[in-house]
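Working through the structure, step by step
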Amino acid sequence: MIVNNAEIALTAVAPSGFPKDGKPEVAFVGKSNVGKSSLINTVLGRKRLARTSKSPGKTRTINFFSVDDILYFVDLPGYGYAKVSKSESAKWGDMVEGYLQNRSQLKMIFLLLDIRHEPGSNDIMLYEWFLHYNLPFTLVATKTDKVSRNQIPKHLGVLRRSLGADHPPVPFSSLAKQGKSELWRIILDKCEISVL
Ligand code: GTP
Ligand code: MG
């Protein structure tokens, strides 16, 4: 997939700052440091469009990236960042849930999980929340380059079973560029776009 134009369109902390043009959106959510911003860069074929960092808590606002003027990739702040105060994590909840709920143009939510770790309580809560509200979501296992190739299926199975999911997560690595075409297939299908 060749993306001709990808740029930051809007940065928001509340619904008043979300795009109003109704174009389809796909969002990336998950624990801090799981690799959301890196995945966005990799899928869009850009090096530093979404800002990434070794230390968790880099993305603090809801960032909308316009992709070829057809759809938006939405980078969300991560949760579970230990240094964040209670009031800040409540703010996270309000901000992110305020976006994920009642957003009719949101066609797919990618819930990112680190392939090496069992889902945490926040991951499980979000997963169950998606089921409860019948939101469209896909599980993605990130950083597959961190485990040996032949161990990947085992790790995917652990993640699937620990959530009681119907399908295993899509394996993905920004470093090894694994999983890019599978994510594009899902994005184009859900946004009803034939080609960019
Ligand atoms: P927050 O914005 O803090 O919520 O984090 P994030 O989920 O956006 O994570 P980010 O993309 O900033 O990546 C966090 C760290 O993980 C960075 O040091 C990345 O280089 C690293 N990382 C991301 N994806 C991969 C991957 O596929 N493989 C490896 N080995 N490292 C990765
Ligand atoms: Mg980020």
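Okay, so let's go over this structure. (Residues numbered from 1 in each chain as written. Chains lettered and ligands numbered in written order. Predicted model: local features only at pLDDT ≥ 70, side-chain atom pairs only at ≥ 80, totals over all residues. Heavy atoms only, no water.)

Topic: the overall build of the protein
When helices and strands are counted, the protein shows five helices and seven strands. Reading the secondary structure of the protein in the N-to-C direction produces β-β-α-β-β-α-β-α-β-α-β-α. In terms of principal-axis extent, the alpha carbons of the protein reach across some 45 × 40 × 35 Å. In the protein, which comprises 196 residues, the proportion classed as buried is 47%. (Helix = DSSP H or I, 4+ residues; strand = E, 2+ residues; numbered from the N terminus. Buried < 20%, exposed > 50% of the residue type's maximum accessible area, 1.4 Å probe, protein only.)

What to know about the site of ligand 1
Inspection of the region around ligand 1 gives 22 residues, with Lys36, Ser38, Gly57, Asp145 and Ser174 positioned closest. A distance of 3.2 Å separates an oxygen atom of ligand 1 from a polar atom in the backbone of Gly78. The contact in question runs from a nitrogen atom of ligand 1 to an N or O atom on the side chain of Asp145, over 2.7 Å. For ligand 1, whose free accessible area comes to 660 Å², the fraction covered by protein is 88%. Most atoms of ligand 1, that is more than half of them, are within 2 Å of grid points of the largest pocket. Residue composition of the shell around ligand 1, by class: three nonpolar, twelve polar and seven charged. (Near = heavy atom within 4 Å. Polar contact = N/O pair within 3.5 Å; in protein donor to acceptor, adjacent residues only side chain to side chain. Areas by Shrake-Rupley, 256 points an atom, 1.4 Å probe, with all protein chains shown as cover. 1 Å grid on protein atoms, 1.4 Å probe; cavity = no way out; pocket = protein on both sides within 12 Å on 5 of 7 lines; lining within 4 Å. Sits in = over half its atoms within 2 Å of the grid points. Nonpolar A, V, L, I, M, F, W, Y, C, P; charged D, E, K, R; others polar.)

Digging into the nonpolar core
If you look at the biggest cluster of nonpolar residues, it comprises 33 residues, and the most contacted ones within it are Val29, Leu76, Tyr99, Leu100 and Phe130. Those elements that place two or more of their residues in this core are strand E2 (25-30), strand E3 (62-67), strand E4 (71-75), helix H2 (86-100), strand E5 (106-114), helix H3 (121-132), strand E6 (137-142) and helix H4 (152-163). A per-element tally of this core places H2 first, with five residues. Formed by 27 residues, the second largest nonpolar core is a distinct cluster that contains Val34, Ile40, Phe65 and Met108. (Core = buried A, V, L, I, M, F, W, Y, C linked by side-chain atoms within 4.5 Å.)

Regarding the pattern of salt bridges
One pass over the full model with this rule turns up four salt bridges. Note that Asp21 and Lys23 form a salt bridge whose closest N and O atoms lie 3.7 Å from each other. (Salt bridge = Lys/Arg side-chain N within 4 Å of Asp/Glu carboxyl O.)

Some points on the layout of surface pockets
Roughly 720 Å³ of volume is contained in the largest pocket. In this structure, the largest pocket is lined by 35 residues; those nearest its centre are Gly35, Ser38, Leu39, Thr52 and Ser174. Per-element accounting of the lining of the largest pocket gives the leading share, six residues, to helix H1 (residues 36-44). Taken together, the residues that form the lining of the largest pocket break down as six nonpolar, 17 polar and twelve charged. Gly78, Tyr79, Ser89, Trp92 and Gly93 are the residues nearest the centre of the second largest pocket, which is lined by 22 residues in total. (Points joined across faces, edges and corners; volume = space filled by probe spheres on them.)

Things to note about the coordination of the magnesium ion (ligand 2)
The protein atoms donating to the magnesium ion (ligand 2) are Ser37 (OG) and Thr59 (OG1), with metal-donor distances spanning 2.1 to 2.2 Å. With Ser37 in helix H1 and Thr59 in the loop between H1 and E3, this pair connects stretches of sequence that are 22 residues apart. Taken as a pair, Ser37 and Thr59 share a single burial class, namely buried. (Donors = N, O, S within 2.8 Å, 3.2 Å for Na, K, Ca; no water.)

Let's talk about the environment of Lys180
Position of Lys180 among the secondary structure elements: in helix H5 (residues 180-190). On the basis of relative accessible area, Lys180 is assigned to the partly exposed category, the value being 23%. Considering only alpha carbons, one finds Lys180 and Pro153, 27 residues apart in sequence, at a separation of 18 Å. Not counting residues up to four positions away in its chain, the partners in contact with Lys180 are Thr42, Val43, Gly45 and Phe172. Among the polar contacts listed, one links the side chain of Lys180 to the backbone oxygen of Thr42, at a separation of 3.2 Å. (Contact = heavy atoms within 4.5 Å.)

Comments concerning H5
If you check which residues of H5 are buried, you get Leu183, Trp184, Ile186, Ile187 and Leu188. Count one or two residues on from H5 and you reach Glu192, which has phi positive near 55°.

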